[in-house]
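A look at the structure
Single-letter residue listing:
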Amino acid sequence: MSSLRIRPRFKEEIDTTALNFKESIQKALDRTQEFTGLISERYCVLKIRPEDRHYWSPQLTLTIEQESENHLTIRGLYGPKPSVWAVFFMSYAAIGVFILFIAVYGLSKFMLNEPAHVLWGIPILGGIALILYLVAQGGQKVGAEQMFRIHHFYEEVMKHKTHIK
């Protein structure tokens, strides 16, 4: 399950109804002391119990798509808590905006044959983005054991193997 992707995912098609799928997830959650979850009309979120969670603890978000009466498409997305994901997303967005402004200002200076030392900010910000990516990968490794446990829990509920992309 180790991946260069920040948020590993899977997609599978199963022959059951949405109600049966959600009931099987809820029954499994009721039987275990290791996981907790939220189940709504079209989503299920499987999480590690609060006392075992840390900053990098993953969760599995399942999107339920009813294709026909007895056929579902389940899309699973592993990732950190939404607040952790938001910090990284906003950091990448801020870096992108800063790079855009630096590029516009620096290239304007360059075209006017003035010193454009500000352009050195672009590789520096690129390095910061790379460091953020490596930190996210490190966090994924810290939470990998919990991700394996959530994934195996899901496979036990579904009674078949699921391939992560």
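Structure: above.
Given the structure is predicted, the values throughout are model-derived calculations rather than measurements. (Residues numbered from 1 in each chain as written. Predicted model: local features only at pLDDT ≥ 70, side-chain atom pairs only at ≥ 80, totals over all residues. Heavy atoms only, no water.)

**Section: the overall build of the protein**
Test applied: A run of H or I in DSSP becomes a helix once it reaches four residues, and a run of E becomes a strand once it reaches two; helices and strands are each numbered from the N terminus. Two things to know: the radius of gyration comes from C-alpha atoms, and the globule rule equals 2.2 Å times the number of residues to the power 0.38. Relative accessibility decides the category of a residue: with a 1.4 Å probe and only protein chains considered, values under 20% of the type maximum give buried, values over 50% give exposed, and everything between is partly exposed. Only the protein chains shown count as cover for residues, and the accessible areas themselves come from Shrake-Rupley with a 1.4 Å probe.
Of the regular secondary structure elements, the protein holds four helices and five strands. Starting at the N terminus, the α and β elements of the protein follow one another as β-α-β-β-β-β-α-α-α. Relative to its length of 165 residues, the protein is extended, with a C-alpha radius of gyration of 21 Å against a globular reference of 15 Å. Seen along its three principal axes, the alpha-carbon backbone of the protein occupies a region of about 70 × 35 × 25 Å. Residues counted as buried form 36% of the 165 residues belonging to the protein. By element, 64% of the accessible surface of the protein is carried by carbon and sulfur atoms, the whole surface being about 10100 Å².

**Considerations on the packing of helix α2 (residues 82-111) against helix α3 (residues 121-142)**
Heads up, the rule is: Where helices are involved, their axes are fitted lines through C-alpha atoms of the stretch in contact, as for all axes, and angles between N-to-C directions lie from 0 to 180°. Here the angle decides the label: under 35 degrees means roughly parallel, over 145 means roughly antiparallel, 65 to 115 means roughly perpendicular, and every other value means oblique. Here, residues are in contact when the closest pair of their heavy atoms is within 4.5 Å. Classes in brief: Ala, Val, Leu, Ile, Met, Phe, Trp, Tyr, Cys and Pro nonpolar; Asp, Glu, Lys and Arg charged; the others, Gly included, polar.
Orientation of α2 relative to α3, taken along the N-to-C sense of each, is 170°, at an axis distance of 9 Å. In this view, α2 runs roughly antiparallel relative to α3, as classed from their interaxial angle. Contact with α2, carried on its side by F88, S91, Y92, I95, F98, I99, I102 and A103, involves G121, I122, L125, G126, I128, A129, L132, Y133, V135 and A136 of α3 and no other residues of that element. Its residues placed into classes, the contact of α2 with α3 shows 15 nonpolar, three polar and no charged.

**Remarks on the nonpolar core**
Our working rule: By nonpolar core is meant a set of buried Ala, Val, Leu, Ile, Met, Phe, Trp, Tyr and Cys residues that side-chain atoms within 4.5 Å join together.
Counting residues in hydrophobic clusters, the biggest one holds 24 residues, and the most contacted among them are F21, L62, I74 and Y154. When residues of this core are traced back to their parent elements, those giving at least two are β1 (9-14), α1 (18-31), β3 (43-48), β4 (59-68), β5 (71-79) and α4 (144-158). When neighbours within four sequence positions are excluded, F21 is seen to be in contact with I14, T16, C44, L62, I64, L72, I74, Y154 and M158. In this structure, I95, I102, A129 and L132 belong to the second largest nonpolar core, which totals eight residues.

**Observations concerning the packing of α1 against α4**
Note the cut-off: For any helix crossing, the convention is left-handed if the near helix is rotated counterclockwise from the far helix by under a right angle, and right-handed if that rotation is clockwise.
Axis separation between α1 and α4 bottoms out at 10 Å; the angle between their running directions is 125°. As far as their axial angle goes, α4 and α1 are oblique. Crossing geometry of α1 relative to α4 is assigned as right-handed. On the side of α1, the interface is formed by F21, S24, I25, A28 and L29, while α4 contributes F153, Y154, V157 and M158. Class assignment for the residues of the contact of α1 with α4 results in eight nonpolar, one polar and no charged.

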